[in-house]
Amino acid sequence: MTFNPLPRDFYAPSAKVVAPRLLGHYLVRRTVEGFAGGPIVETEAYITNDPGCHAFEGETNRNRSMFGEPGRSYVYLIYGFYHCFNTVCRARGIGEAVLVRAIEASMGVEWMRENRPVETETALTSGPGKLCVALDVDRKLDGVDLCDANSAVFVAENPDVKNFRRKFGPRVTTTRIGLTQAADWPLRFYLAGSHFVSRKVKSRK
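For the structure given in this document, a descriptive report is provided here. (Residues numbered from 1 in each chain as written. Predicted model: local features only at pLDDT ≥ 70, side-chain atom pairs only at ≥ 80, totals over all residues. Heavy atoms only, no water.)

### Considering the packing of aromatic side chains
(1) Moving on: Under the criterion given, the structure shown has eight aromatic pairs.
(2) Moving on: Summarising the aromatic geometry, the rings of phenylalanine 10 and tyrosine 11 are spaced 5.2 Å apart at their centres and angled 75 degrees between planes, so their arrangement reads as edge-to-face. Here phenylalanine 10 matches tyrosine 11 in class, with each residue buried.
(3) Moving on: Consider the rings of tyrosine 74 and tyrosine 76, whose centres lie 5.3 Å apart with planes at 40 degrees: the pair is tilted.
(4) Moving on: Relative accessible area serves as the criterion here: at 1%, tyrosine 74 is assigned to the buried category.
(5) Moving on: On the basis of relative accessible area, tyrosine 76 is assigned to the buried category, the value being 8%.
(6) Moving on: Here the aromatic residues Phe3, Tyr26, Phe35 and Phe154 are joined through ring pairs into a cluster of three or more. (Phe/Tyr/Trp six-rings, centres within 6.5 Å; stacked < 30°, edge-to-face > 60°. Buried < 20%, exposed > 50% of the residue type's maximum accessible area, 1.4 Å probe, protein only.)

Shown next, in the form of structure tokens:
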């Protein structure tokens, strides 16, 4: 299968614009056994003047990639164990990024199972820390060029993205997860028909 990375100008807008647009496109991990990953089904945006964003207090060694060119990765460690994978947005010097929270595990599943032994396929990539373990993503992949098909990890265009979104829709916009600041900002997006979404909004009767 041939993958065409999303172009750099895809990431030029604000993360709150890019986050829903990423849904349905492929997160691809290059391995010695081939490609692993799958379509993105859940994202969160982190934007300027956002107290929940790592860039809110300015540039540091940890978040330096957020202030680089758009279309790069930003990978950070949480709870001393789990990593989270983000796509950098906006121009250099503006710290914004989209957290990829879940993907449909559809490529290299056996390789991912070796990294993250779980009983169900859904449990492989149904959360930001889970997908990083399954795809062997850690800080060594911070700052990687996501627009280069030769990178160890990149985001590729899904030529059938509209049909994918229709199949797994509707798209839901809701608040982000696990924040104490700006927790009520509606900057999480997911495809409600996917079983890989980490947490869905309970329907109101």
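### Examining the pairing of strand β5 (residues 97-103)
(1) Moving on: Burial within β5 is extensive, with seven of its seven residues counted as buried.
(2) Moving on: As paired strands, strand β2 (residues 34-46) and β5 are joined by six bridges and run antiparallel to one another. Note that in β5 the partner of glutamate 42 across the bridge is alanine 102.
(3) Moving on: Taken together, the three bridges between strand β4 (residues 82-88) and β5 define a ladder with antiparallel strand orientation. For valine 88, the partnering residue across the bridge sits in β5 and is alanine 97. (Helix = DSSP H or I, 4+ residues; strand = E, 2+ residues; numbered from the N terminus. Pairing = 2+ DSSP bridges.)

### Some points on a nonpolar patch on the surface
(1) Moving on: A cluster of nonpolar side chains, namely Tyr79, Phe81 and Tyr82, defines an oily patch on the protein surface of about 410 Å² accessible area.
(2) Moving on: Relative to the helices and strands, tyrosine 82 resides in strand β4.
(3) Moving on: A residue is classified by how much of its surface remains accessible, and tyrosine 82, at 32% relative accessible area, is partly exposed. (Patch = residues over 30% accessible without salt bridge, like charges linked within 9 Å, V, L, I, M, F, W, Y side chains within 5 Å. Areas by Shrake-Rupley, 256 points an atom, 1.4 Å probe, with all protein chains shown as cover. Salt bridge = Lys/Arg side-chain N within 4 Å of Asp/Glu carboxyl O.)

### So, the nonpolar core
(1) Moving on: One finds Tyr11, Leu22, Leu27, Phe85, Met112 and Leu135 to be the most contacted residues of the largest nonpolar core, which totals 46 residues.
(2) Moving on: Contributions of two or more residues to this core are made by α1 (15-22), β2, β5, α2 (109-115), α3 (128-134), β6 (153-156), α4 (161-168) and β8 (188-191).
(3) Moving on: In contact with leucine 135, other than residues within four places in its own chain, are Leu27, Arg29, Ala36, Gly37, Ile103, Trp111 and Met112. (Core = buried A, V, L, I, M, F, W, Y, C linked by side-chain atoms within 4.5 Å. Contact = heavy atoms within 4.5 Å.)

### Some details on the pattern of salt bridges
(1) Moving on: All told, the structure shown has 13 salt bridges when counted by the stated rule.
(2) Moving on: Among the salt bridges present, the one from arginine 29 reaches aspartate 136, with a minimum N-O distance of 3.6 Å. You can see arginine 29 sitting in strand β1 (residues 26-31) and its partner aspartate 136 sitting in the loop between α3 and β6, a full 107 residues away along the chain.
(3) Moving on: Salt-bridge contacts for glutamate 44 lead to arginine 101; the nearest nitrogen and oxygen are separated by 3.8 Å. You can see glutamate 44 sitting in strand β2 and its partner arginine 101 sitting in strand β5, a full 57 residues away along the chain. As far as the burial class goes, glutamate 44 and arginine 101 line up, both buried.
(4) Moving on: A single salt-bridge network, built from bridges that share partners, covers Arg8, Glu69, Arg72 and Asp145.

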